[in-house]
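For reference, the chains in residue letters:
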Amino acid sequence: ASDVYKRQRQRCSPARKRGRALEKFMKPIKKILCSVDLSDHSAEVAEYAALLASKLGAEVTAIYVAPTLSQYTGFKVPQSDIHAFVGEIVSGAQASMNAFVAEHFEGVKATGEVLVGYASDEILAKAKRDDMDLIVMGTHGRKGIDRIIFGSVAEKVVKNSPIPVLTIRPHD
């Protein structure tokens with residue numbers, strides 16, 4: 001009689017009821033946007049995205065956002081030189097991204113892409129444009145004056161994203 005009681009109790013537990021209620025409102029995660037900066041910490045971020053993708057049967061789009069450098073056109077630097085330089089950055093970053101995806105997303109359907117612009121804006125636009133279900137990204141853990149000067153891409157994405165964002169802080 002105690003086994004029957006335990007099974008019935010498990011079926012009716014509040015946690016189980018909340019789980020079923022969440023399933024009604026929670027969109028399945030099938031498309032994951034993994035934003036990386038191709039630093040050492042990016043491997044850790046990719047590990048989380050790959051694990052989630054494999055467990056959920058999702059696909060991953062890994063992105064790196066290269067800076068536009070357009071703000072420097074007023075400093076007597078010809079715009080054509082800046083565009084050529086950004087083009088070189090993008091082609092080099094695309095080669096790095098291809099190698100990164102091959103190394104860190106083995107066994108998971110994944111693609112890599114390099115975008116140009118302001119990181120937070122491009123991440124949010126890509127998530128919306130491709131109807132992503134989850135954003136996975138790293139944080140730098142900056143504090144004090146560094147955070148004031150550089151801002152936080154992750155913070156801007158978390159505050160403005162209509163979809164869930166998983167942030168991964170680097171291990172010290």
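Residues numbered from 1 in each chain as written. Predicted model: local features only at pLDDT ≥ 70, side-chain atom pairs only at ≥ 80, totals over all residues. Heavy atoms only, no water.

Engineer: Before we move on, could you go through the overall build of the protein and cite the residues and values that matter?
Structural biologist: Of regular secondary structure, the protein possesses seven helices and five strands. Overall, the protein shows an N-to-C arrangement of helices and strands of α-α-β-α-β-α-β-α-β-α-α-β. Residues counted as buried form 31% of the 172 residues belonging to the protein. Once local pairs closer than 6 in sequence are excluded, the contacts in the protein between residues at least 24 apart make up 76%. Summed over all atoms, the accessible surface of the protein reaches about 11,400 Å², with 55% contributed by carbon and sulfur. (Helix = DSSP H or I, 4+ residues; strand = E, 2+ residues; numbered from the N terminus. Buried < 20%, exposed > 50% of the residue type's maximum accessible area, 1.4 Å probe, protein only. Contact = heavy atoms within 4.5 Å. Areas by Shrake-Rupley, 256 points an atom, 1.4 Å probe, with all protein chains shown as cover.)

Engineer: Tell me about unusual backbone geometry, and please be specific about residues and values.
Structural biologist: Glycine aside, residues mostly have negative phi, and peptide bonds are mostly found in the trans state. You will see that L38, though not glycine, has its phi angle at about 65°, which is positive. Along the chain, L38 falls in the loop between β1 (31–35) and α3 (42–56). For L38, a relative accessible area of 28% translates into the label partly exposed. A positive phi angle, near 55°, is found at D131, a position not held by glycine. The residue D131 is located in the loop between α5 (119–129) and β4 (134–138) in this model.

Engineer: Give me the pairing of β1: which residues, what numbers.
Structural biologist: Most of β1 is tucked away: four of the five residues are buried. Pairing analysis gives five bridges linking β1 to strand β2 (residues 59–66), with the strands arranged parallel. Its bridge partner being in β2, K31 is matched across the sheet by E59. Where β1 and β4 come together, four bridges link them in parallel fashion. Bridge assignment links L33 to a residue of β4, and that residue is I135. (Pairing = 2+ DSSP bridges.)

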